[in-house]
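Residue strings, one per chain:
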Amino acid sequence: MSGDGAGKGLTACRIDSVDVHAFEVPTDGPEGTEEDGTLEWDSTTMVLVRVRAGGRTGLGYTYGDVSVATFIASELVDVVRGQDVSSPAAVWHLMGRQIRNAGRPGVGAMAVSAVDIALWDLKARLLELPLVHLLPAWHDRVPVYGSGGFTNYPLDRLTDQLTGWVEQGIPRVKLKTSRDPERDPRRLTAVRKAIGDEPEIFTDANGALGRKQALYWARRFHDEWDVRWFEEPVSSADLAGLRMLRERGPERLEIAAGEYAYTTQDFVNLVEGPAVDCLQADVTRCGGITGVLEAAGLAGAHHLDLSAHCAPAVSAHAFCAVRRLRHLEYFHDHVRCERLLFDGTLSPDGGTLRPDTGRPGHGLEIKWADAERYRVYGARTV
């Protein structure tokens, strides 16, 4: 199916089936755990959705608890089956209505995100287009920053990881902070010494600090280590705290949040004021590609850049459609999971990820033989 024929046949093509899977991958952190400012974890769970129509299969995924898989199966499969594949946004709207009483934010939004990504991928594959060419793309690549630097890493692993990204040509790196704030000066000093003066250092407190405490560390981060990005210094629910930090913090230190924005109103709350210098969105949480397009329009209308949170394999396509694109978080755990479970993942080149335009859709294929050992939900189908 290609060219005009593909376009003409698409409107008559309806979704035949939907299946759901979940895979839990143990972390490779010290003693099997990783930590940030507010959380400790020992595994990462990918929930994967496949939708079929016209002899093609679209893949979508999110990262969350296995309950996301059961939510999709109980609330969304019957809504999606039989729908026209030509308009993922219309199906997105139907899914949003379906989950109104089951719970739209959180697990509900993540479930919709996974299905929405699969629908866009399916449409692109039916048209034999790379996903980036189906979307209203402004860019052909996405700048990245290396992200990991967990608070329980010993100093040598911390510096090796961040230096490794710089050596790959990635000019900006991020470490987790604020679990034990008094340890951060030693960690930041080691990182700055290891990577040199030129690369940018980002920090992420994951909402661990109070307002005045965050303001104190914002000034120290900037003045002593030339930190330019402070993500979730306070909880992203503390909009007044974010606004205070944005207004009173160092001018060159940007306040960022948005990875836990699940609905359009969540983004509205962050941009009004505004509460951030740079908005973030996670394609696997905010309603998928359709949700990213809404967030992108909102960011642009408020003269803010949008940064992609994690899930690099699909974000590299989705965020090419963001006019005011800043960059993409090249997150250690997600890079590792996607390489274990998929063929067709991307590697940074010159500090960017460029979508593979030689493959239809987002270009990902499941490595079933490798994935089965991590399965915690569903069963392999043809």
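Residues numbered from 1 in each chain as written. Predicted model: local features only at pLDDT ≥ 70, side-chain atom pairs only at ≥ 80, totals over all residues. Heavy atoms only, no water.

### Section: the overall build of the chain
Summing up its helical and strand segments, the chain has 14 helices and 17 strands in all. Going through the 382 residues of the chain one by one, you find that 59% of them count as buried. A sequence separation of at least 24 residues applies to 73% of the contacts in the chain between residues at least 6 apart. Here the chain has roughly 14700 Å² of accessible surface; of this, 47% comes from carbon and sulfur atoms. In the chain, which carries 43 positive and 54 negative side-chain charges, the distance between the mean positions of the two groups comes to 3 Å. (Helix = DSSP H or I, 4+ residues; strand = E, 2+ residues; numbered from the N terminus. Buried < 20%, exposed > 50% of the residue type's maximum accessible area, 1.4 Å probe, protein only. Contact = heavy atoms within 4.5 Å. Areas by Shrake-Rupley, 256 points an atom, 1.4 Å probe, with all protein chains shown as cover. Lys, Arg positive; Asp, Glu negative; His and termini not counted. Charge placed at Lys NZ, Arg CZ, Asp CG, Glu CD.)

### Some points on the state of the cysteines
By the definition in use, this model includes 0 disulfides. With no disulfide partner, Cys278 has as its closest neighbouring cysteine sulfur the one in Cys310, 14 Å distant. A residue is classified by how much of its surface remains accessible, and Cys278, at 0% relative accessible area, is buried. Of all cysteine sulfurs in the structure, the one in Cys310 sits closest to Cys286, which takes part in no disulfide; the separation is 12 Å. (Disulfide = S-S within 2.5 Å.)

### Focus: the confidence of the model for the chain
When the pLDDT values of the chain are averaged, the result is 96; 97% of them are 70 or greater. Here residues 1-8 scores under 50 on pLDDT; set against residues more than four positions off or in separate chains, the count is 8 contacts. (pLDDT = per-residue confidence, 0-100.)

### Remarks on the sheet that holds strand 4 (residues 43-53)
An order of 5-4-1-17 is seen for the 4 strands of this open sheet, with the pairing classed as antiparallel. Only two strands of the sheet have a single neighbouring strand rather than two, namely strand 5 (56-63) and strand 17 (375-377). Between one strand axis and the next, the sheet turns through 30° on average, direction left out of account. Note: strand 1 (residues 17-26) against strand 17, 2 bridges, orientation antiparallel. (Pairing = 2+ DSSP bridges. Axes fitted to C-alpha atoms, helices over the stretch in contact; angles between N-to-C directions.)

### What about the pairing of strand 8 (residues 200-204)?
By the criterion of burial, strand 8 is predominantly enclosed, with 4 of the 5 residues buried. Judged from the 5 bridges that link them, strand 7 (residues 172-176) and strand 8 form a sheet pairing that is parallel. Bridged to Arg172 within strand 8 is Glu200. Read from strand 7 through helix 7 (residues 184-195) to strand 8, the crossover connection turns out right-handed. (Right-handed = clockwise from strand over helix to strand, strands pointing away.)

### Brief notes about unusual backbone geometry
Omega for the peptide link from Gly273 to Pro274 comes to -20°, which places this bond in the cis form. Note that Pro274 resides in the loop between helix 10 (264-271) and strand 11 (278-281). Unlike most non-glycine residues, His303 shows phi in positive territory, near 60°. Note that His303 resides in the loop between helix 11 (288-301) and strand 12 (305-308). Residue His303 is classed as exposed on the basis of its relative accessible area of 62%. The residue Cys310 is not glycine, and still its phi comes out positive at about 65°.

### As for the packing of helix 4 (residues 107-126) against helix 11
Relative placement of two packed helices is described by the angle separating their axes and the distance separating the axes. Relative orientation of the contacting elements helix 4 and helix 11 amounts to 95°, with a least axis distance of 6 Å. Classified by the interaxial angle, the pair formed by helix 4 and helix 11 is roughly perpendicular. Contacts between helix 4 and helix 11 involve Ser113, Asp116, Ile117 and Trp120 from the first element and Gly288, Ile289, Thr290 and Leu293 from the second. Here the contact of helix 4 with helix 11 is built from residues that sort into 4 nonpolar, 3 polar and 1 charged. (Parallel < 35°, antiparallel > 145°, perpendicular 65-115°, else oblique. Nonpolar A, V, L, I, M, F, W, Y, C, P; charged D, E, K, R; others polar.)

### What to know about the UniProt feature "domain: Mandelate racemase/muconate lactonizing enzyme C-terminal" (unreviewed entry) in the chain
The positions that UniProt labels "domain: Mandelate racemase/muconate lactonizing enzyme C-terminal" (unreviewed entry) are, in the present scheme, residues 155-252. The annotated region residues 155-252 carries 51% helix and 15% strand content, and the separation between its end C-alpha atoms amounts to 27 Å. (UniProt positions renumbered as here; feature names shortened; annotations may be inferred.)

### Some remarks on the environment of Ile289
Along the chain, Ile289 falls in helix 11. Separated by 88 residues in sequence, Ile289 and Ile201 place their C-alpha atoms 29 Å apart. Residues in contact with Ile289, not counting those within four places in the same chain, are Asp116, Ile117, Trp120, Leu131, Leu135, Val283 and Ala318.

### Brief notes about the packing of helix 3 (residues 88-98) against helix 11
Orientation of helix 3 relative to helix 11, taken along the N-to-C sense of each, is 95°, at an axis distance of 9 Å. Judged on the interaxial angle alone, helix 11 and helix 3 are roughly perpendicular. Together, Pro88, Ala89 and Trp92 of helix 3 and Thr290, Gly291 and Glu294 of helix 11 make up the contact between the two elements. For the contact of helix 3 with helix 11, a count of residues per class yields 3 nonpolar, 2 polar and 1 charged.

### Digging into the packing of aromatic side chains
Under the criterion given, the structure shown has 12 aromatic pairs. Cluster of aromatic residues (ring-pair linked, three or more members): Tyr216, Trp217, Phe221, Trp225 and Phe230. (Phe/Tyr/Trp six-rings, centres within 6.5 Å; stacked < 30°, edge-to-face > 60°.)

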